Amino acid sequence: MQGIRKSLFVLFFSFAWIFPALDANIGEWDEVWLTRAKESLNRTLQTFEPNPEKVVSHLNKHAKLSLEVGLKSNGTRRHLLHWHPNTCTVTNPIDRCWRCNANWAKNRFRLADCGLGFGYKAKGGKNGKFYVVTDPSDTDLLNPRPGTLRHAVIQKEPLWIIFERSMLITLQQELIMASDKTIDGRGVRVEIAYGAGITIQFVSNVIIHGIRIHDIVPKFGGLIRDSVDHFGFRTMSDGDGISIFGSQNVWIDHVSMTNCADGLIDVIQGSTGVTISNGHFTDHNDVMLFGASDKYTFDEKMQVTVAFNHFGKRLVQRMPRARFGYIHVVNNDYTHWKMYAIGGSSHPTIISQGNRFIADHPFAKQVTKREKASESEWKKWTWISEGDLFLRGAYFVTSGDQTWLNKHPQVYDKIAAAPAKFVSEMTKFAEELLQLYMTSETMHGWDPDYGDLVFMLSKLHMYTVQL
């Protein structure tokens, strides 16, 4: 009898967790989707870091070390009259991990060992086969053509997905990814634009690196294949650039994003173990949403790192906007916001360290915004600003116990973030990276057009002018 009660409780809890997710663009919750959702619940519990401060300290330690090495190396070259593109000038730990090797194309898997923050477990398709995307089309949603990105991301086995040449991919419907995949756009220029965005739903172990996503629009849905042995009806998509829904161990790195119909990146419905790094974001209203509902308390398990990103021109708000969860915002460059930069409701923990905040609007100097709570309530939330740099009147309203970190020496190594005054150095390569020092491997099959050449020149310009 006790076993029956336990089974009924587990069944009830599972469906109670799924129920708030009925707006998941899933037209029919068949057995496959229900199983995926319940497996996702268990992965969230397994991925959750009980001592998140250890992850914070680990990232900060590596960031400071990388910055010290990078600045020392760069300083020895300042007397040179000519800059050489093989010079490794990166000063953040993720880029230094792989970019300083001119033969990175021979060891693309190295990238999977460079992740930091809460998404550090994401290995993507490491040690799997390489899948080369040769066809930018997206014409068959039920039986994707081999060689297309849609065909690649639905395969069962781990895959490291690369691209034969620069290409523009316009998705007819949302691109639904399977687990254990890396989308690696290094060496070419890959744009996902003018169609649907990427959906990472009830899966794990995904890396997206080195692509550009812009001008994403809602799509009406329909029958879409989401794995080699399953397809189903999808309702209308929102127009997010990247939607991370009930997924774990996800790393978004060097992705340039702008002008999507809804959010640029959503991390919602029990997602955790996520890092968003080295991104460049412009021209958007609702930039990042972490947690979609104030009623969905399971997002207490959400843990997200936002590091080394540049939040640029014509952004308005939500960089990020969080509900519940634990958010580490570190060494980012905030140069534009029209309303606020960091906001939230439902008592998220926000640790802001070593960021640079430059207020660009005369009536939006405050970095922070609390919603749906009285002052007496939000003053209890833990929002910490440590080592941040504020320019042009910007200011951060802290709350909660500001000595909280120091009271937990058993889990917090008291390692401060890299200094905010060096943020421009640490984020100067933030966006998708088209390598300036092309190797024979990356040049193979690459036929540069005018846009590629302009893009490469703009990269060279970055070394003399900080945009």
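Residue positions are counted from 1 within each chain, in the order its sequence is given. Local features are withheld for residues below a pLDDT of 70 in this predicted model, meaning they are given only at 70 or higher, and side-chain atom pairs are given and counted only at 80 or more; totals for whole chains, interfaces and linings count all residues. As a rule here, side-chain values cover all heavy atoms of the structure and leave hydrogens and water aside.

**Observations concerning a nonpolar patch on the surface**
Only residues above 30% relative accessible area that lack a salt bridge enter a patch, with like-charged residues linked at up to 9 Å and the nonpolar side chains Val, Leu, Ile, Met, Phe, Trp and Tyr linked at up to 5 Å. Areas reported as accessible are Shrake-Rupley estimates using a 1.4 Å probe. Residue values count occlusion only from the protein chains shown. Only one rule defines a salt bridge in this text: a Lys or Arg side-chain nitrogen within 4 Å of an Asp or Glu carboxyl oxygen. On the surface, Leu223, Phe231 and Phe233 cluster together into a nonpolar patch covering about 290 Å² of accessible area. Here phenylalanine 231 lies in strand β11 (residues 230-234). With relative accessibility at 40%, the residue phenylalanine 231 sits in the partly exposed group. Secondary structure follows DSSP: runs of H or I at least 4 residues long count as helices, runs of E at least 2 residues long count as strands, and numbering of each begins at the N terminus. Exposed residues in this analysis have more than 50% of their type's maximum accessible area, buried residues have under 20%, and partly exposed residues fall in between, with area computed by a 1.4 Å probe over protein chains only.

**Describing the state of the cysteines**
Any cysteine sulfur atom paired with another within 2.5 Å is treated as part of a disulfide. Per the counting criterion, the structure on display carries one disulfide. Between the sulfur atoms of cysteine 97 and its disulfide mate cysteine 114 the distance is 2.1 Å. In this structure the cystine formed by cysteine 97 and cysteine 114 twists about its S-S bond by roughly -75°; its chirality is therefore left-handed. Taken together, the residues span a long stretch of sequence, with cysteine 97 in helix α4 (residues 93-98) and cysteine 114 in the loop between α4 and β1 (129-133) at a distance of 17 residues.

**Structural notes on unusual backbone geometry**
Across residues other than glycine, the phi torsion is negative in most instances, and most of the peptide bonds are trans. Between methionine 319 and proline 320 the backbone carries a cis peptide bond, its omega angle lying at 10°. Note on placement: proline 320 falls in the loop between β22 (315-317) and β23 (321-323). Backbone geometry at histidine 254 places phi at a positive 50°, although glycine is not the residue there. Looking at the element boundaries, histidine 254 is found in the loop between β13 (248-253) and β14 (256-258). Residue histidine 254 is classed as buried on the basis of its relative accessible area of 0%. The phi dihedral of asparagine 259 is positive, around 55°, even though this residue is not glycine. Of note, asparagine 259 is situated in the loop between β14 and β15 (265-268).

**A look at the side chain of glutamate 191**
Summarising the element assignment, glutamate 191 is placed in strand β6 (residues 190-193). Polar contact is defined as a pair of N or O atoms within 3.5 Å, subject to the rule that within protein one atom must be able to donate a hydrogen and the other to accept it, and that residues adjacent in sequence are counted only when both atoms are side-chain atoms. Of the polar contacts made by the side chain of glutamate 191, one reaches the side chain of histidine 214; its length is 2.7 Å. Contact criterion: two residues are considered in contact whenever any of their non-hydrogen atoms come within 4.5 Å of each other. Excluding its chain neighbours within four sequence positions, the residues that come into contact with glutamate 191 are Met167, Leu168, Ile169, Arg212 and His214.

**Considerations on the confidence of the model for the protein**
Values of pLDDT, which run from 0 to 100, indicate the predictor's confidence residue by residue. Across the protein, pLDDT averages 87, with 82% of residues at or above 70. This model gives residues 76-85 a pLDDT under 50, and the stretch forms eight contacts once residues within four places in sequence are excluded. The low-confidence segment residues 435-467, where pLDDT is below 50, has 66 contacts with residues more than four positions distant or belonging to other chains.

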